[in-house]
Amino acid sequence: MITDLGVVGEEPAAPARPRPWERPDLRRKVLIGAIVVWAVAITAVVLFRGDGNGGEQPAAVPAPSPSASGGPLSVPDVYQTLLPSVVRIEASGEGRANDESAIGTGVIVNADGTILTARHVIAGADAVTVRYADGGSSAAAIASEDPKRDTATLRPAKLPETVVPAALGGGVQVGDDVVAIGNPLGLTASTTDGVVSGLDRAAKGEGGDMAGLIQFDAAVNPGSSGGPLINDRAQVVGIVVSLANPTDAGTFIGIGFAVPIGAALGGGNGDGDGRGPPL
């Protein structure tokens, strides 16, 4: 007999077994495994692909850092650094032998305001006035004189509001960049630049022969005497004392001389000959 429910007398059919990939727990495991494989593959690519360097990791990019403090400075930077230390010197008196040097230059070399200059700037003066970069001025007394090296020191009666001693340097080499600051022909706080042209030069000064001088080609003229010769680290390496000129004009033709800072401060000696009229 056939009924709506099937054939009478037969066992009902067993339910169909699900296919393996249709089981929820198995599908979940397969999905997790695929994710793990994908993550491992990506990690391997990142670690071993490199940056075209044969499997090596790419070099790290250096982080920005400040320039070395001892590096060379530009001429404007040297000028701005030294300007507060440079003074204009005005000397007067009947005992002066060289009226052209009535105006000269000096540089503050000590926290007590001591000024280093060329001796011939103040030689025979009855009165010395120094004018600071900040506009102030003061009378000054001659503290010491060294005719052999043509250097002298001044002790001002009044200091500027802020005393800025110059940094003093060491030796120089031929070809080194140098800057001169002074008052050539009365033009206050002028600057020029050049190079060291020679070392251990000799010249004749008012106090006799001078030796061991720095030769340089930064322009200097009367009024520059006593001013600093400065290296590219803003350190004073010499004191300008004279120039060479085959005529009696006393103007610059490309050869200036400076006493090395060590000798100007009292070290070193020597004799020589040559011609270098004082500025």
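Computed from a prediction, not measured in an experiment: that's the story for all the values here.

1. Observations regarding the overall build of the protein
- A count of helical and extended segments in the protein gives four helices and 15 strands.
- In the protein, which comprises 279 residues, the share counted as buried stands at 36%.
- By sequence separation, contacts in the protein at least 24 residues apart represent 62% of the contacts at least 6 residues apart.
- For the protein, the accessible area works out to roughly 15,700 Å², and carbon and sulfur atoms hold 56% of it.

2. Considerations on the environment of aspartate 209
- Position of aspartate 209 relative to the elements: it lies in strand S12 (residues 208-216).
- Of the residues examined, aspartate 209 reaches a relative accessible area of 23% and is grouped as partly exposed.
- Spatially, the C-alpha atoms of aspartate 209 and aspartate 150 are 9.8 Å apart, while their sequence positions differ by 59 residues.
- Here lysine 204 takes part through its side chain, which lies 2.6 Å from a polar atom of the side chain of aspartate 209.

3. What to know about the sheet that holds strand S5 (residues 115-118)
- Taken together, the six strands give a closed barrel; going around it, the order is S3-S4-S5-S8-S7-S6, and neighbouring strands pair in antiparallel fashion. When strand polarity is set aside, the average angle formed by the axes of neighbouring strands in this sheet is 40 degrees.
- For strand S4 (residues 103-108) and S5, the ladder comprises three bridges, and the chain directions are antiparallel. Residue pairing in the sheet places valine 107 in a bridge with leucine 116 of S5.

4. Observations regarding the confidence of the model for the protein
- When the pLDDT values of the protein are averaged, the result is 79; 67% of them are 70 or greater.
- A low-confidence stretch, residues 1-12 stays under pLDDT 50, and its non-local contacts, those more than four residues away or across chains, total four contacts.
- Below pLDDT 50 for its whole length, residues 50-69 participates in eight contacts with residues either more than four positions away or in separate chains.

5. Some thoughts on the pattern of salt bridges
- Scanning all chains against the criterion turns up six salt bridges.
- Where lysine 204 meets aspartate 209, a salt bridge forms, and the shortest distance between an N and an O atom there is 2.6 Å.
- Overlapping salt bridges, with partners in common, bring together Arg88, Glu90 and Arg131 in one network.

6. So, the side chain of asparagine 183
- Here asparagine 183 shows up in the loop between strand S10 (177-182) and strand S11 (190-205).
- For asparagine 183, a relative accessible area of 2% translates into the label buried.
- There is a polar contact of 2.9 Å between the side chain of asparagine 183 and the backbone nitrogen of alanine 189.
- Setting aside its immediate chain neighbours within four residues, asparagine 183 contacts Val87, Arg88, Ile103, Gly104, Thr105, Thr188, Ala189, Pro222, Gly223 and Ser224.

7. Focus on the nonpolar core
- One finds Ile89, Ile122, Val128 and Leu154 to be the most contacted residues of the largest nonpolar core, which totals 40 residues.
- Among residues more than four places away in sequence, those in contact with valine 128 are Ile89, Glu90, Ala91, Ile122, Ser138, Ala139, Ala140 and Leu154.
- If you look at the next biggest cluster of nonpolar residues, it comprises 14 residues, including Val178, Ala180, Val196 and Leu243.

8. So, helix H2 (residues 75-82)
- Turning to H2, its buried residues are Val78, Tyr79 and Leu82. Buried residues of H2 fall within an arc of 100 degrees about the axis and therefore sit on the same side. Within H2, the exposed residues directed more than 90 degrees away from the buried face are Pro76 and Gln80.
- Taken together, the buried residues of H2 touch strand S3 (86-92), S10, S11, strand S13 (228-231) and strand S14 (235-243).

9. Describing the side chain of arginine 149
- With respect to the element layout, arginine 149 can be found in the loop between strand S7 (137-146) and strand S8 (151-156).
- What makes arginine 149 buried here is its relative accessible area of 16%.
- Within the structure, arginine 149 has its side chain in polar contact with the side chain of aspartate 146 (distance 2.6 Å).

Criteria and thresholds
- Residues numbered from 1 in each chain as written.
- Predicted model: local features only at pLDDT ≥ 70, side-chain atom pairs only at ≥ 80, totals over all residues.
- Heavy atoms only, no water.
- Helix = DSSP H or I, 4+ residues; strand = E, 2+ residues; numbered from the N terminus.
- Buried < 20%, exposed > 50% of the residue type's maximum accessible area, 1.4 Å probe, protein only.
- Contact = heavy atoms within 4.5 Å.
- Areas by Shrake-Rupley, 256 points an atom, 1.4 Å probe, with all protein chains shown as cover.
- Polar contact = N/O pair within 3.5 Å; in protein donor to acceptor, adjacent residues only side chain to side chain.
- Pairing = 2+ DSSP bridges.
- Axes fitted to C-alpha atoms, helices over the stretch in contact; angles between N-to-C directions.
- pLDDT = per-residue confidence, 0-100.
- Salt bridge = Lys/Arg side-chain N within 4 Å of Asp/Glu carboxyl O.
- Core = buried A, V, L, I, M, F, W, Y, C linked by side-chain atoms within 4.5 Å.
- Arc of directions from axis to C-beta.

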